[in-house]
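Examining the three-dimensional arrangement
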Number of protein chains: 2
Amino acid sequence: MADAPLLVGYWRSSAAYRVRIAVNLKGLTPRHAAVHLRKGEQRGADHLGLNPSGLVPVWQEEGFSLAQSLAIIEYLDETWPEPPLLPAAPRDRAVAREIALTVACDIHPLGNLRVLDKLTADWGAGAPARAAWARHWIGTGFTAIEARLAHSAGRYAVGDTPSLADICLVPQVYNARRFELDLTPYPMIRAADEAARAHPAFAAAAPEAQADAE
Amino acid sequence: MADAPLLVGYWRSSAAYRVRIAVNLKGLTPRHAAVHLRKGEQRGADHLGLNPSGLVPVWQEEGFSLAQSLAIIEYLDETWPEPPLLPAAPRDRAVAREIALTVACDIHPLGNLRVLDKLTADWGAGAPARAAWARHWIGTGFTAIEARLAHSAGRYAVGDTPSLADICLVPQVYNARRFELDLTPYPMIRAADEAARAHPAFAAAAPEAQADAE
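The residue numbers shown here count from 1 along each chain, following its written sequence. For this description, chains carry letters from A and ligands carry numbers from 1, given in the order in which they are written. Whole-chain, interface and lining totals are the exception, using all residues; otherwise, since this is a predicted model, local features are given only for residues with pLDDT of at least 70 and side-chain atom pairs are given and counted only at 80 or more. Hydrogens and waters are ignored; side-chain quantities use all the structure's heavy atoms.

Chain A appears in an unreviewed UniProt entry as Maleylacetoacetate isomerase from Prosthecodimorpha staleyi. UniProt positions are given in the numbering used here, feature names are shortened, and annotations may be inferred rather than shown by experiment. Checking UniProt for chain A, the heading Sequence similarities (unreviewed entry) contains the comment "Belongs to the GST superfamily. Zeta family."

The next point concerns the relation of the copies chain B and chain A. Note on the copies: chain B fits chain A at an RMSD of 0.0 Å, the axial shift is 0.0 Å, and the rotation between them is 180°. With respect to symmetry, the two chain copies, as superposed, fit the operation of a two-fold axis. In terms of proximity to the rotation axis, the leading residue of chain B is B:Cys105, whose C-alpha is 2.3 Å off the axis. The copies were overlaid with a least-squares fit restricted to C-alpha atoms from residues scoring a pLDDT of at least 70 in each copy.

This next bit is on the pattern of salt bridges. Each salt bridge in this description consists of a side-chain nitrogen of Lys or Arg and a carboxyl oxygen of Asp or Glu lying within 4 Å of one another. Within this structure, the stated rule accounts for 22 salt bridges over all chains. Ionic pairing is found between A:Arg93 and B:Glu78, a salt bridge with its closest N-O pair at 2.8 Å. Of this pair, A:Arg93 sits in helix α4 (residues 90–107) while B:Glu78 sits in helix α3 (residues 69–79), each in a different chain. A salt bridge links B:Arg97 to B:Glu74, with the nearest nitrogen and oxygen atoms 2.8 Å apart. With B:Arg97 in helix α4 (residues 90–107) and B:Glu74 in helix α3, this residue pair connects regions lying 23 residues apart in the sequence. Side by side, B:Arg97 and B:Glu74 carry an identical accessibility label, which is buried. When salt bridges with common partners are traced through the structure, they connect A:Glu74, A:Glu78, A:Arg93, A:Arg97, B:Glu74, B:Glu78, B:Arg93 and B:Arg97 into a single cluster. The secondary structure listing takes helices from DSSP runs of H or I that are at least 4 residues long and strands from runs of E that are at least 2 residues long, numbered from the N terminus. Each residue is placed in one exposure class: buried if its accessible area under a 1.4 Å probe, protein chains only, is under 20% of its type's maximum, exposed if it is over 50%, and partly exposed if it falls in between.

Residues and elements named next belong to chain B. Val56 connects to Pro57 through a cis peptide bond whose omega is 0°. Within the secondary structure layout, Pro57 lies in the loop between α2 (45–50) and β3 (58–61). Positive phi values are uncommon outside glycine, yet Glu180 reaches one of about 55°. Mapped onto the fold, Glu180 is located in the loop between α7 (164–178) and α8 (187–197). Classification of Glu180 as exposed rests on a relative accessible area of 68%.

Turning our eyes to something else, we now look at the nonpolar core. By size, the foremost hydrophobic cluster in this structure holds 139 residues, and its most contacted members are A:Phe142 and B:Phe142. Residue contacts follow a heavy-atom distance rule, with two residues in contact if any of their heavy atoms lie within 4.5 Å. Excluding residues that lie within four positions of it along the chain, B:Phe142 makes contacts with B:Ile107, B:Leu169, B:Gln172, B:Val173, B:Ala176, B:Leu181, B:Leu183, B:Tyr186 and B:Ile189. The set of buried Ala, Val, Leu, Ile, Met, Phe, Trp, Tyr and Cys residues whose side-chain atoms join them within 4.5 Å is what this entry labels a nonpolar core. One finds B:Trp11, B:Val35, B:Val56 and B:Val58 within the second-largest nonpolar core, a separate group that totals 8 residues.

What follows concerns the UniProt feature "domain: GST C-terminal" (unreviewed entry) in chain A. Annotation from UniProt places "domain: GST C-terminal" (unreviewed entry) at residues 89–214 of chain A. Overall, residues 89–214 of chain A shows 67% helix and 0% strand. The separation of its end C-alpha atoms is 41 Å.

All names here are of chain B. In this description, strands pair whenever DSSP reports at least two bridges between them. Pairing in this open sheet of 4 strands is mixed, and the strands run β2-β1-β3-β4 from one edge to the other. Looking at which strands have only one partner, the edges of the open sheet turn out to be β2 (31–34) and β4 (64–67). Pairwise comparison of adjacent strand axes, ignoring direction, gives a mean angle of 20° for this sheet. Sheet analysis places β3 next to β4, joined by 4 bridges and oriented antiparallel. Within β4, the position partnered with Glu61 by the bridge is Phe64. As a rule, the C-alpha atoms of each element are fitted with a line to give its axis, helices using only the stretch in contact, and angles between N-to-C directions run from 0 to 180 degrees.

See the structure below:
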């Protein structure tokens, strides 16, 4: 019998956090492995062999290794269709992906550890400047998402079922709190985040609940 | 009769370029509108009403407005299924999305105009430093994509049919050339880019072929 799939992550990586939520919603039980980002393990030969980008998460099955959290989640959704991670109606699916991609393209990459480290290396950015930079992009993206949620949200970000939108939003709100962003201007985001975090699949995926948490 | 859909873009935006390619592959003929990014039109009230993120592209239909290039492209693919923009086999679909997201999450957001402008505002980055920053992230992402293409590519990035992977890769290679990145280390990327640019749907979407090109 083939080994169970392996999910390579890191407790505080918000991209890995997304995939953990998706896996829990699907009721899947992959093996887990951790790559310690702050110790630079992602730049070691072992991990680069698995994922040349040096990022987490990576999803690994016999003969197949896949990077990019949203590619992994769409793959899980196509391979194990129940429960679906996207709404049924085409426009609702599109809005769920729009919210997810606003997090994954417009916010998260700009506050990533490697980017903050490069700001420090190139320009001498200290901790306050790094945090201010991250907050700037989170706030810009959250303003767009807040406007979208005013039309899309029910109990969750798009209607009354957890979707890819919540899967991306919750880890980004976690991240915003780490950078001490004032969330007062985003009541819709706070409500969606609170509802999703009460869901067992989200709770079990939280960074502090992981085996490699510090 | 309802108006034809409207695609709001900018000739040199690589995210808008992606959607133009997808639209051409599908044989769709939306109306086009341009928002002049270098003149700051994306921060005007008209555009912010359409897309609160202030970014392009935006896809607009009667009663529905959608941002995020990859959300738009997946929506087009689900709404007008022929020809498909993703391969049929689940693992191949996943790899096409992985390549697309490596561009859309790990490369493109970091070299975007608004990010380069913030490097200048915060740290006084001049033109050479802006270009070096952009090249750094393009090179890092291209290294990962080059390794993936060694296994996935046929005539195009994933097999012998143009897919979402090519739709994202070609505009990023265009961008890499603007920033004068040496493409010598990426022969697989250069081959995929060259094959795709020879396709009429890609050629008609090129920045220099747009009505608002300067």
